Amino acid sequence: MKFSEQIIKWYRYNSRDLPWRKTSDPYLIWISEVVLQQTRVDQGLAYYNRLVERFPNVHLLAAASEDELLKLWQGLGYYTRARNMHAAARKIVSEHGGNFPATYEEIIKLPGIGEYTASAIASFAFNLSHPVVDGNVMRVLSRFLGIDTPINTTEGKKQLSAYAHKFINRENPGEHNQAIMEFGALHCTPRNPLCDKCPLKYECRAFQTDKVNDLPVKLKTRSQQERYFHYLVVRINNASGPEVILRKRSEKGIWKNLYDFPLIEDKAFRSQQQLKETTTWKNMFSLDEIKQMKTSKVYSHQLSHQLIKARFQLIVLSGLSKQFNGYQVVKNKDVHNYPVPRLIDQFMTDYAHWLE
DNA sequence: AATCCGGGGCT
DNA sequence: AGCCCAGGATT
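Report follows, based on the coordinates. Since the model is a prediction, treat every value here as computed from it, not as a measurement.

**Comments concerning the overall build of chain A**
Part 1: A count of helices and strands for chain A gives 15 helices and 7 strands.
Part 2: Each of the three principal axes of chain A carries a C-alpha extent, and together these read 80 × 50 × 30 Å.
Part 3: Counting across all 356 residues of chain A, residues that qualify as buried make up 49%.
Part 4: Put simply, of all contacts in chain A between residues at least 6 apart along the chain, 67% involve residues at least 24 apart.

So this is what it looks like as structure tokens:
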């Protein structure tokens, strides 16, 4: 039996019951694929369900505000996905009359859709013969074929993509693609793969040469850097109710277009006196208008390429005496409507009484 | 071709 | 404490 037939046979007995597998609507499949980029099914499933409930079709997604979409995306990470998804929805409405493009070449032109996602949509929704090459596929093929070219290099991806094109089942590309990914996710796993009961073990190069635990090869990534954040939680006790200053992160870097607080970053934690001498501080306050200050515990927030250590400084002002350029003054009861990074969300949960 | 972009779960 | 995840955009 050929590779594809064996994988599909395995899939029909072992596949999970997932909502995006019950539809051929390219819009719903697209949403699921973007959610699942670099994200495990278990983590993305609830987000997918909330997204398609709120935006059951591309017109509703295109009509939404970016803030609302980011709020639904909050906590999932890689927020560029949400912004690109929003832009793509508007493009589908304006340039395709709301009909999802039906060829690989048109699909891949949409923002946030690369080779993997275009192949996934083309094969799942339109049964077009384009192989998906994701982390699962690269692991399965590198083991099955005994390929030790590092898969996080252009060369390795090119090599495995060529084999994926050879192996694709032209009669049943959609199920073939689902099957090989599911096989990688459930059976040919990164650690402790189920080789003993693997239907491919007699043909698997890695198993036959005892190299399963050495494949796929990956080059080491460089280590992360540490950053120190001093967040200024500026509370303004106005007659109309308490307010707080938020900032939209519009510059480059992490958490673009999410909201946080005024920030003083340095190479280490600084004392309160040192913070008062920074230009960020001086531009916001004069000393006599501060009524109260408190300091939070230290948060350690681990990202893929950086470790952020953050402290939150509560600063209570009795009333608004000047403009805060580049910032937004928001009523405390409305803060929960703004999309914020996980770190900010955790702080606001722990120190909810600061913002009551 | 290398680097950046989140957050969570697993070992 | 690393590694990995239904990757894509940017440099």
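**Let's talk about the protein's contact with DNA strand C**
Part 1: In the neighbourhood of DNA strand C, 26 residues make up the surrounding shell, with Gln38, Gly112, Gly114, Thr117 and Arg139 lying closest.
Part 2: What you see for DNA strand C is that sugar and phosphate hold 66% of its atoms within 4 Å of the protein.
Part 3: Here Trp20 contributes a side-chain N or O atom positioned 3.1 Å from a base nitrogen of DNA strand C.
Part 4: Lys252 is positioned such that a nitrogen or oxygen atom in its side chain is 3.1 Å from a phosphate oxygen of DNA strand C.

**Structural notes on the layout of surface pockets**
Part 1: As a volume, the second largest pocket reaches approximately 180 Å³.
Part 2: Looking at the second largest pocket, the residues that line it are Met1, Gln6, Lys9, Trp10, Asn14, His187, Leu194, Lys197 and Pro199.

**Structural notes on the packing of helix 8 (residues 115-126) against helix 11 (residues 173-186)**
Part 1: Running from N to C, helix 8 and helix 11 cross one another at 130°; their axes reach a closest spacing of 7 Å. Of the possible angle classes, the one that applies to helix 8 and helix 11 is oblique. Both helix 8 and helix 11 take part in a crossing whose hand is left-handed. For the pair helix 8 and helix 11, contact is made by Tyr116, Ser119, Ser123 and Phe124 and by Pro173, Gly174, Asn177, Gln178 and Met181, respectively.
Part 2: Classifying every residue of the contact of helix 8 with helix 11 gives 4 nonpolar, 5 polar and no charged.

**Concerning the protein's contact with DNA strand B**
Part 1: Arg40, Trp255, His301, Ser304 and Arg342 are the nearest of the 23 residues found near DNA strand B.
Part 2: In the interface set of DNA strand B, defined as its atoms within 4 Å of the protein, sugar plus phosphate atoms amount to 61%.
Part 3: At 3.2 Å from a phosphate oxygen of DNA strand B is found a side-chain nitrogen or oxygen belonging to Gln306.
Part 4: A distance of 2.4 Å separates a phosphate oxygen of DNA strand B from a polar side-chain atom of Arg342.

**A few points about the environment of Ala82**
Part 1: Mapped onto the elements, Ala82 comes out in helix 6 (residues 80-96).
Part 2: Take Ala82: its relative accessible area is 1%, and that puts it in the buried class.
Part 3: When near neighbours in sequence (up to four residues on either side) are disregarded, Ala82 contacts Leu69, Leu70 and Trp73.

**Overview of the nonpolar core**
Part 1: Formed by 99 residues in total, the largest nonpolar core has its most connected members in Trp30, Ile31, Phe261 and Phe312.
Part 2: Once you skip the residues sitting within four places of it in the chain, Phe261 turns out to touch Tyr231, Leu232, Val233, Val244, Ile245, Leu246, Arg247, Phe312, Ile344, Phe347 and Met348.
Part 3: If you look at the next biggest cluster of nonpolar residues, it comprises 13 residues, including Ile245, Met284, Phe285 and Ile290.

**Some points on helix 15 (residues 342-350)**
Part 1: Where helix 15 is concerned, the buried positions are Leu343, Ile344, Phe347 and Met348. Seen along its axis, helix 15 keeps its buried residues to an arc of 130°; they face one direction.

**Side note on helix 11**
Note: α-helices contain 3.6 residues per turn, so residues at a spacing of three or four share the same orientation.
Part 1: Over its 14 residues, helix 11 extends 20 Å from the first C-alpha to the last, a length consistent with the 20 Å expected when each residue adds 1.5 Å.
Part 2: The buried count for helix 11 comes to 12 of 14 residues, which makes it a mostly enclosed element.
Part 3: Turning to helix 11, its buried residues are Pro173, Gly174, Glu175, His176, Asn177, Gln178, Ala179, Ile180, Met181, Glu182, Phe183 and Gly184.
Part 4: Check the buried side of helix 11 and you find it contacts helix 1 (3-14), helix 8, helix 9 (135-145) and helix 10 (154-167).

**Topic: empty space enclosed by the protein**
Part 1: Inspection of every chain in the model, using the stated rule, returns 2 cavities of 30 Å³ or more.
Part 2: Counted as a void, the largest cavity has a volume near 120 Å³.
Part 3: Along the wall of the largest cavity there are 14 residues; nearest its centre are Arg143, Phe183, Cys188, Cys198 and Cys204.
Part 4: Ranked by residues supplied to the lining of the largest cavity, first place goes to helix 9 with 3 residues.
Part 5: Approximately 40 Å³ is the volume attributed to the second largest cavity.

About the thresholds
Residues numbered from 1 in each chain as written. Chains lettered and ligands numbered in written order. Predicted model: local features only at pLDDT ≥ 70, side-chain atom pairs only at ≥ 80, totals over all residues. Heavy atoms only, no water. Helix = DSSP H or I, 4+ residues; strand = E, 2+ residues; numbered from the N terminus. Buried < 20%, exposed > 50% of the residue type's maximum accessible area, 1.4 Å probe, protein only. Contact = heavy atoms within 4.5 Å. Near = heavy atom within 4 Å. Polar contact = N/O pair within 3.5 Å; in protein donor to acceptor, adjacent residues only side chain to side chain. 1 Å grid on protein atoms, 1.4 Å probe; cavity = no way out; pocket = protein on both sides within 12 Å on 5 of 7 lines; lining within 4 Å. Points joined across faces, edges and corners; volume = space filled by probe spheres on them. Axes fitted to C-alpha atoms, helices over the stretch in contact; angles between N-to-C directions. Parallel < 35°, antiparallel > 145°, perpendicular 65-115°, else oblique. Left-handed = near helix turned anticlockwise from the far one by under 90°. Nonpolar A, V, L, I, M, F, W, Y, C, P; charged D, E, K, R; others polar. Core = buried A, V, L, I, M, F, W, Y, C linked by side-chain atoms within 4.5 Å. Arc of directions from axis to C-beta. Expected span 1.5 Å × (residues − 1).

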